[in-house]
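# Fold and contact review
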Amino acid sequence: MKLSKSTIRIFGLCAFYLLYMFIGAAVFSSIEYPNEKQIIEKLKVKRHQFLQSHKRCLNDSELEMFITKIVRANNRGISTMNNLTVEPNWSFGQAVFFAGTVLTTIGYGHVSPLSTSGKLFCIFYAIIGIPITLIMISACVERLLIITNKLYDKLKTFSIFYRSNSTINLKALTYTHLALVFVFVLIVFFLLPATIFSSIEKEWNYLDALYYCFISLTTIGLGDYIPGDKNEQPYRAFYKIATTFYLIFGIMFVMLFISVLTQIPELNLAKLLSLEMETSSDPERQLLTSDAPTSSSYSRQIDEDDSLSINHSSRY
């Protein structure tokens, strides 16, 4: 049986994906392992010094048991700092932040339900809430695309994109439009929030804050940096709720950029793997494919020079 071109491309993509994953693993391991080993050695020295200082009232097994309990509590989001006099994880502000990370699938993992009823509710809450979130974000992105397409139409009126023979350079116009959307998303949802977070979170530098914004808005959600985790944080509940809305709107605009990116036929790599790219002898399928509407403002017939002849009088 002869494999279709799209199937061959999928196998090639899978092979590249595995290679990319293994290369990433090798790089991360080579960068992070020496640092981890250094920290372990320092902890061993600290542990030995602590035992030597308290050897009359504490032995190694008792210390091990105590550390284990602290680590388990910390893994559940319960801090033992300040003699356990911290704000509970399930105050309303904290709970809104947790609900937001569940619905957006960020899932930092620093706080999780401890009770059986809480775990069951989280399952059903996510089953209903995640599809609703995806539908809401998709609907909002669809409407935001109308605004970006209006920007595209506005750019078409600029003479800079027209050649001397009254033809428009669609490639320059398209990539300028994409660049403007990218710069807007980069500044408003990455660079500016990183500045705000780094000024609020005293232990974060700008790179830490920018790293948090990227890890969160791409829904990776490693959980190594969490805003408002310090108990002494002023207006902590408001800060948590505001951060939740930032995450929702940030993900929405990241999806907007991806949508604008995939509207450009040359950059929509998913089409190369689609079965719709394969020629079919089924006339009904060909009719449905040819008649299918498109939301792309870039999807149009252009000549080999990537230009479209337009009369100046018909541009408005």
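Quantities reported herein were computed from a predicted structural model and do not represent experimental measurements.

## Quick notes on the confidence of the model for the protein
Looking at the protein, pLDDT values average 82 and 82% of them are 70 or higher. Here strand β2 (residues 307-309) is the element of the protein with the lowest mean pLDDT, 44, and helix α6 (residues 206-217) is the one with the highest, 96. Note that residues 300-316 has pLDDT below 50 and, in this model, 27 contacts with residues that lie over four places away or in other chains.

## Description of the packing of aromatic side chains
On inspection of all chains with the given rule, the structure shows 15 aromatic pairs. Measuring from ring centre to ring centre gives 5.4 Å for Trp204 and Tyr225, while their planes differ by 90 degrees; the resulting arrangement is edge-to-face. Taken together, the positions of Trp204 in the loop between α5 (170-200) and α6 and Tyr225 in the loop between α6 and α7 (236-262) put the pair 21 residues apart, joining distant regions of the chain. A residue is classified by how much of its surface remains accessible, and Trp204, at 10% relative accessible area, is buried. Using a relative accessible area of 23% as the deciding quantity, one classes Tyr225 as partly exposed. Of note, Lys240 hangs over the ring of Phe97, and the distance from its end group to the ring centre comes to 4.2 Å.

## Looking at the nonpolar core
What tends to happen in soluble globular proteins is that the nonpolar side chains get buried as a cluster. In this structure, Phe197, Tyr212, Leu217 and Leu247 are the most contacted members of the largest nonpolar core, which totals 31 residues. Looking at this core, the elements that each hand over two or more residues are α4 (116-155), α5, α6 and α7. Among the elements that line this core, the one with the most residues is α7, at 10 residues. Those residues in contact with Phe197 that sit more than four places away from it in its chain are Trp204, Ala209, Tyr212, Cys213, Pro227, Tyr239, Thr243 and Tyr246. Membership of the second largest hydrophobic core comes to seven residues, among which are Phe161, Tyr162, Ile168 and Leu173.

## Comments concerning the environment of Pro113
Tracing the backbone shows Pro113 in the loop between α3 (92-103) and α4. Using a relative accessible area of 16% as the deciding quantity, one classes Pro113 as buried.

## Digging into the pattern of salt bridges
For the coordinates displayed, the defined rule picks out three salt bridges. Among the ionic pairs, Arg47 bridges to Glu64, the shortest N-O distance being 2.8 Å. Separated by 17 residues along the polypeptide, Arg47 in helix α1 (residues 5-53) and Glu64 in helix α2 (residues 60-75) bring together distant segments of the chain. The salt bridge involving Lys156 is made with Asp153; its shortest N-O contact spans 4.0 Å. Judged by relative accessible area, which is 24%, Lys156 ranks as partly exposed. On the accessibility criterion, Asp153 (40% relative accessible area) is partly exposed.

## Looking at the side chain of Asp208
With respect to the helices, strands and loops of the structure, Asp208 is situated in helix α6. A polar contact of 3.1 Å, which involves the side chain of Asp208, links it to the side chain of Tyr225.

## Focus on a nonpolar patch on the surface
On the surface, Phe182, Val183, Phe184, Leu186, Ile187, Val188, Leu191, Leu192 and Tyr206 cluster together to form a nonpolar patch covering roughly 700 Å² of accessible area. Looking at the secondary structure, you find Ile187 in helix α5. Here Ile187 falls in the partly exposed class, since its relative accessible area comes to 37%.

Cut-offs applied
Going along each chain's sequence as written, the residues are numbered from 1 onward. The model is predicted, so local features are restricted to residues of pLDDT at least 70 and side-chain atom pairs to those at 80 or more, both for listing and for counting; the totals for chains, interfaces and linings are taken over all residues. Based on all heavy atoms of the structure, the side-chain values leave hydrogens and waters out of the count. Known as pLDDT, the predictor's per-residue confidence is scaled from 0 to 100. Strands are runs of DSSP state E lasting at least two residues, helices are runs of H or I lasting at least four, and both sets are numbered from the N terminus onward. Note on contacts: a residue pair qualifies if any of its non-hydrogen atoms lie within 4.5 Å across the two residues. Here the aromatic set is Phe, Tyr and Trp, taking the six-membered ring for Trp, and pairing holds for ring centres within 6.5 Å; pairs whose planes are under 30 degrees apart are stacked, those over 60 apart are edge-to-face, and all others are tilted. Summary of the burial criterion: residues with accessible area below 20% of their type's maximum are buried, those above 50% are exposed, and those between are partly exposed, where the area comes from a 1.4 Å probe applied to protein chains only. In our convention, an over-ring charge means Lys NZ or Arg CZ found within 6 Å of a ring centre and within 35 degrees of that ring's normal. To define a nonpolar core, start from buried Ala, Val, Leu, Ile, Met, Phe, Trp, Tyr and Cys residues and group those joined through side-chain atoms within 4.5 Å. Here a salt bridge means any side-chain nitrogen of Lys or Arg lying within 4 Å of a carboxyl oxygen belonging to Asp or Glu. N or O atoms within 3.5 Å of each other form a polar contact, as long as, within protein, one can give a hydrogen and the other can take it, and as long as residues adjacent in sequence are counted only when both atoms are side-chain atoms. Residues enter patches when they are more than 30% accessible in relative terms and free of salt bridges; like-charged ones are connected within 9 Å and nonpolar ones (Val, Leu, Ile, Met, Phe, Trp, Tyr) within 5 Å. Per-residue and other accessible areas follow the Shrake-Rupley method at a 1.4 Å probe size, with only the shown protein chains counted as cover for residues.

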